[in-house]
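# Coordinate analysis (summary)
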Number of protein chains: 2
Amino acid sequence: MNAGAFNFAVLSRPEVPERSVAAGSVIFREGEPATEMFVVKSGTVAIRADNHLIAELKENEIFGEMALIDKTSRSATATAETDVTLIPVSEKQFLFLVSETPFFALSVMRVLVHRLRLLNRIG
Amino acid sequence: MNAGAFNFAVLSRPEVPERSVAAGSVIFREGEPATEMFVVKSGTVAIRADNHLIAELKENEIFGEMALIDKTSRSATATAETDVTLIPVSEKQFLFLVSETPFFALSVMRVLVHRLRLLNRIG
């Protein structure tokens, strides 16, 4: 892990219930309004757009942050590939974290940059 | 402009000299170490990777932020397409802005998400 990186798993807090999702269930669908992002606590989540797999996310990875950042609807569908446990992060908490925790903001940026680099490499 | 968006042009400060770059000049080259990002104050900057045009940036747009975020070398070459005036933002100032100015952090995230959406659409 980089110096200054943020361990997204610390977002698990006693006051916020984790969410269990059974293998095969849809977490959110393309086109839906977005009110939260997620940290994967365990299991594997698949992200698909137009039925094309664009990412598989595992423990301590985040997804669903894009629609919170630019306030649009979901641009892809997230499905539990295995039984998964998620830590939901509301839009309000996301904005609070960005304000109060520079390492969180930088870590979200690193995730986005990593995805951009992968896409540029493929493209 | 979105509510809460950051006007990158405000980064122009009397104590930081703007940088004038003549049309056709290289601003940075793929593979070089990165120590700053830039706001375009005027003119047009082309971003190319493997001689493939991946973006054209104009007034109040930013570039060069990816290598600051993940501390890698430049992944693309930036060239002045016209005479341009740039506002350089050092790594130290970038980290300070992320810490102290949540709107700046969110605005950088919006730029990254916008680029991801464009790439996903093309891909």
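Rules used in this analysis
- Along every chain, residues carry numbers that run from 1 in the direction the sequence is written.
- The order in which chains are written sets their letters, starting at A; the order in which ligands are written sets their numbers, starting at 1.
- Local features in this predicted model are restricted to residues whose pLDDT is 70 or higher, and side-chain atom pairs enter the listing and the counts only when it is 80 or higher, whereas totals over whole chains, interfaces and linings include all residues.
- Each side-chain value is derived from all of the structure's non-hydrogen atoms; neither hydrogens nor water enter the calculation.
- We count a stretch as a helix when DSSP gives it H or I for four or more residues in a row; a strand needs E for two or more, and each element gets its number in order from the N terminus.
- For every residue, the accessible area obtained with a 1.4 Å probe (protein chains only) is divided by the maximum for its type, and the residue is called buried under 20%, exposed over 50%, and partly exposed between those limits.
- We define a polar contact as two N or O atoms separated by no more than 3.5 Å, with the added condition that, inside protein, one atom must be a possible hydrogen donor and the other a possible acceptor, whereas residues neighbouring each other in sequence contribute only through side-chain atom pairs.
- In what follows, residue pairs with any heavy atoms lying within 4.5 Å of each other are defined as contacts.
- We superpose the copies by least squares over the C-alpha atoms of residues that have a pLDDT of at least 70 in both of them.
- Arc definition: it is the arc formed by the directions from the helix axis to the C-beta atoms.
- When two parts are brought into contact, each loses some accessible area as probed by a 1.4 Å sphere; the total of that loss over both is the buried area.
- In what follows, salt bridge is the name for a side-chain nitrogen of Lys or Arg lying within 4 Å of a carboxyl oxygen of Asp or Glu.

### Re the side chain of B:E36
Residues and elements named next belong to chain B. Counting through the fold element by element, E36 comes out in strand β3 (residues 36-42). Since its relative accessible area comes to 18%, E36 is described here as buried. In terms of polar contacts, E36 uses its side chain to reach the side chain of R19, at 2.8 Å. If we skip the residues at most four places from it in the chain, E36 touches R19, G64, L68, R74, P88, V89, S90 and E91.

### A word on the relation of the copies chain B and chain A
Placing chain B over chain A gives an RMSD of 0.0 Å and needs a rotation angle of 180 degrees, together with 0.0 Å of translation along the axis. Expressed as a symmetry operation, the mapping of one chain copy onto the other fits a two-fold axis. By residue overlap, the copies meet face to face through one surface: 100% of the interface positions of chain B are interface positions in chain A.

### Considering helix α2 (residues 91-100) of chain A
Residue and element names in this part refer to chain A. If you check which residues of α2 are buried, you get Q93, F94, L97 and V98. Summarising the axial view, the buried residues of α2 lie within an arc of 140 degrees, below the 170-degree limit, and thus occupy one face. Facing away from the buried surface of α2 by more than 90 degrees, the exposed residues are K92, F96 and E100.

### Focus: the interface of chain B and chain A
The interface is formed by 25 residues belonging to chain B together with 25 residues belonging to chain A. Taking both sides of the interface into account, the surface hidden between chain B and chain A amounts to around 2400 Å²; carbon and sulfur atoms contribute 73%. For the chain B face of the interface with chain A, the top three residues by lost area are B:M109, B:L116 and B:R117, together amounting to 26%. Across the contact surface, chain B and chain A share 2 salt bridges. Notably, a salt bridge pairs B:D70 with A:R117, separated by 2.7 Å at the nearest N-O pair. Summed over the shared surface of chain B and chain A, the number is 8 residue pairs in polar contact (both at pLDDT 80 or more). Contributions of two or more residues to the side of chain B that touches chain A are made by α1 (65-70), α2 (91-100) and α3 (102-122) of chain B.

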